[in-house]
Amino acid sequence: MADRIYRVNMTDLTATTEDVPEQWAGLGGRGLTSTIVAAEVPPTCHPLGPDNKLVFAPGLLSGTVTANSGRLSVGAKSPLTGTIKESNAGGTASQQLAKLGIKALIIEGQPEKDAWYTLHVTADGVTISEEPDLAGKGNFAVVNAMVERHGDRTGVISIGPAGEMKMAIANISVKDPEGKIRSAGRGGLGAVMGSKKVKCIAVNVPREAAVPIAEPEKFKAAVRVFAKALQEHPVSGQGLPTYGTSVLINVINEAGGLPTRNFRYGQFEHHDKISGETMHDLIEKRGGKTRHGCHMGCVIQCSQIYNDAGGKYKSSGFEYESIWAMGADCCVDDLDQIAEADSLMDDIGVDTIETSVTMGVAMEGGLLPFGDGAGILRILDQDVRRGTPLGRLIGGGAAAVGKAYGVTRVPVVKNQAIPAYDPRAVKGIGITYCTSTMGADHTAGYAVATNILKVGGDVDPLKKEGQVELSRNLQIATAALDSAGLCIFVAFPALDIPEAFTAIVDMINARFGISLTADDVTELGKNILRTEHEFNLAAGFTNKDDRLPEFFSREKFPPHNVVWDFTGEEIDEFWNF
Amino acid sequence: MQVTVRLFAGFRIGRFKEETRQYDVPVTVKQIVTGLGIPEAEVGIIFINGRNASLDQTLAEGDTLSLFPLVGGG
Ligand code: SF4
């Protein structure tokens, strides 16, 4: 069965399908969501109005047996940044949508009636029904309700109370194979789903459903080469599965780039208490699991099962970014409190990075003291979950809270919170924060790999030389990778092992019976970036928005005592390709 | 000469987290690594005083050396 585009119109509550237009045929994941948003959403529209569209697209390799290919891209105009947005997550939905032959699911319009709806996606199409019982419920309750209604193997995409309240920090959750959740975190896409009045999407796939492979033998061979590279590379084969991503707490702390106390210092005194090494030891002691995949077919397994002191499940997918944000940035040194907050944020449906950086700014403004983990938990549960006036303010994100409290040290680009690497001490990632079409986003062009981890080359993190070019090359490659549905961590082997990169191109070719070259893939990445950039320019952004906040140039960042020293012209060089 | 050595991730197993060590003659990162029984090929990230360094670099009095296997995340 040929792939089709599914369209759900929430204004008149109809669902239709259509052929895939020829120019969309070679696209998937981010390439497709961004192309559709750019083609169909007026750049100046209100992100929460009826003209915005929420687009889900599995990656080109999703649904196949390719390792780590189960990422689902979600796109729209972002209510947080006002830019185009793609955010992706693991979980089972991507593979399921792909197996149903759904190239993209587009949700458009807005219902008249003040009611919540569920979409049920099956081999027979999409059914839209009113959902009176789940309003106000957290993501875990929604997942349980869907499993009860449709069975264990149901895929679920949902929003929590934050999405219903259209908070700019709201995310979209995707159920994983164990019934836990992963999130398309950044940019407030949960608010867009809330504005369409869609509380959740349940997906069911017939057991025998499979994606067609044009050239099975070639495909199998490439799959094998790829999986072998992932298992052999020390980062994806050993480091990530053993210590998870939070091994970076100590790495970035040693490098003097771990933003601490709302981006004041580059090292956190209590780093070892929240480190990946400590987490690893706690997990073993408490009978959790150090390796865990966020979707079937992940061989890297950076995720984990983290139990509390009583040996009871607390969190999975407990990531570096989340631990850093509430840990070093808010000076909370209790890993259990951070795990508790992580689980609360998943349930309420808010981005852990944006929310915790917002708390750090609020601490700077005097709302609560630095280090007050209990205070964060209280505000999350009593204010954000319930939508009190304070909860709504936090729900606006770091920039909104910075304004409300008159704070000048507000770490955002295009209103999106800067993640866990200070751009003064890791200059390559600073260029990515400035120029990414998504607002401050480390995954868009992960220069940390080359600046600090020494994977895929070596560029001095404290010098300006080579950073613009590095970020450009990485952003182009990442845009292409995000289209394949591959987890970003395959980049570690792909940057170092040439056969791994070739295998990705071979797999796409064999899946569709086409003959892309490595250059075509680069061209695809460039086109995606250009499409997104043009959308942002048409929405009113200029090169002056591609800048870091002033404090990064004014305030010396210890221990290296460095400032952000790129000129505007140097940053603008990024777009010369 | 005094040097502080900090070990991370798997390098800590059976060794230590942090130790201040005495050396009578100038010493390179490579010599310290070998002295600790860590295979050179396993060394991923080296910092001296928070700056990326190489195996051949020589340490000076009061330096802090941090050693990681090849790890990543994001
Ligand atoms: S490596 Fe981590 S993020 Fe990537 S697919 Fe596996 S569990 Fe998910």
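Keep in mind the model is a prediction, meaning the values are calculated, not measured. (Residues numbered from 1 in each chain as written. Chains lettered and ligands numbered in written order. Predicted model: local features only at pLDDT ≥ 70, side-chain atom pairs only at ≥ 80, totals over all residues. Heavy atoms only, no water.)

Caption draft 1: Up close: the site of the ligand. Looking at the ligand, there are 13 residues lining it, with Cys 294, His 295, Cys 298, Cys 302 and Cys 487 of chain A nearest. For the shell around the ligand, the class distribution of residues is six nonpolar, six polar and one charged. (Near = heavy atom within 4 Å. Nonpolar A, V, L, I, M, F, W, Y, C, P; charged D, E, K, R; others polar.)

Caption draft 2: Spotlight on helix α12 (residues 352-364) of chain A. Residues and elements named next belong to chain A. Here α12 spans 18 Å end to end across 13 residues, near enough to the 18 Å set by a 1.5 Å rise per residue. Taken across its 13 residues, α12 has twelve buried, putting it largely inside the fold. Tucked into the core, α12 has its buried residues touching α10 (320-326), α11 (335-348), α13 (373-384), α14 (389-395), α15 (398-404) and β17 (416-417). Just downstream of α12 lies Gly 366, where phi reads positive at about 95°. (Helix = DSSP H or I, 4+ residues; strand = E, 2+ residues; numbered from the N terminus. Expected span 1.5 Å × (residues − 1). Buried < 20%, exposed > 50% of the residue type's maximum accessible area, 1.4 Å probe, protein only. Contact = heavy atoms within 4.5 Å.)

Caption draft 3: Structural context of the domain arrangement of chain A. All names here are of chain A. Along its sequence, chain A is organised into domain 1 (4-203), domain 2 (213-243 + 423-577) and domain 3 (244-422). Once you take the C-alpha centre of each, domain 1 and domain 3 turn out to be 25 Å apart. With 37 residues of domain 1 in contact, the opposing surface of domain 3 contributes 39 residues. With both chains or domains summed, domain 1 and domain 3 bury close to 2,900 Å², and 52% of this area falls on carbon and sulfur atoms. On the domain 1 side of the interface with domain 3, the three residues burying the most area are Ile 169, Arg 182 and Arg 186, jointly 25% of the side's total. At the junction of domain 1 and domain 3, the tally comes to three salt bridges. Put simply, Glu 354 and Arg 186 hold a salt bridge, and the shortest N to O gap is 3.5 Å. Summed over the shared surface of domain 1 and domain 3, the result is 20 residue pairs in polar contact (both at pLDDT 80 or more). Of all elements in the fold, only α3 (139-150), α4 (161-164) and β11 (181-184) reach the threshold of two or more residues within the side of domain 1 that touches domain 3. (Domains from an automatic or database assignment. Buried area = accessible area lost by both parts, 1.4 Å probe. Salt bridge = Lys/Arg side-chain N within 4 Å of Asp/Glu carboxyl O. Polar contact = N/O pair within 3.5 Å; in protein donor to acceptor, adjacent residues only side chain to side chain.)

Caption draft 4: Examining the nonpolar core more closely. Residue and element names in this part refer to chain A. Val 251, Trp 324, Tyr 421 and Leu 453 are the most contacted members of the largest nonpolar core, which has 121 residues in total. Looking at which element gives the most residues to this core, the answer is α11, with seven residues. In this structure, Val 74, Ala 115, Leu 119 and Met 193 belong to the second largest nonpolar core, which totals 33 residues. (Core = buried A, V, L, I, M, F, W, Y, C linked by side-chain atoms within 4.5 Å.)

Caption draft 5: Focus on the interface of chain A and chain B. Residue-level contacts link 31 residues of chain A with 20 residues of chain B. Both sides together, the interface formed by chain A and chain B hides about 2,000 Å², and carbon and sulfur atoms give 60% of it. Counting the contacts that link chain A with chain B gives three salt bridges. Linking Lys 17 of chain B and Asp 272 of chain A is a salt bridge whose minimum nitrogen-to-oxygen distance equals 2.8 Å. Taken together, the elements giving at least two residues each to the side of chain A that touches chain B come down to α7 (234-243), α8 (248-254) and α17 (448-453) of chain A.

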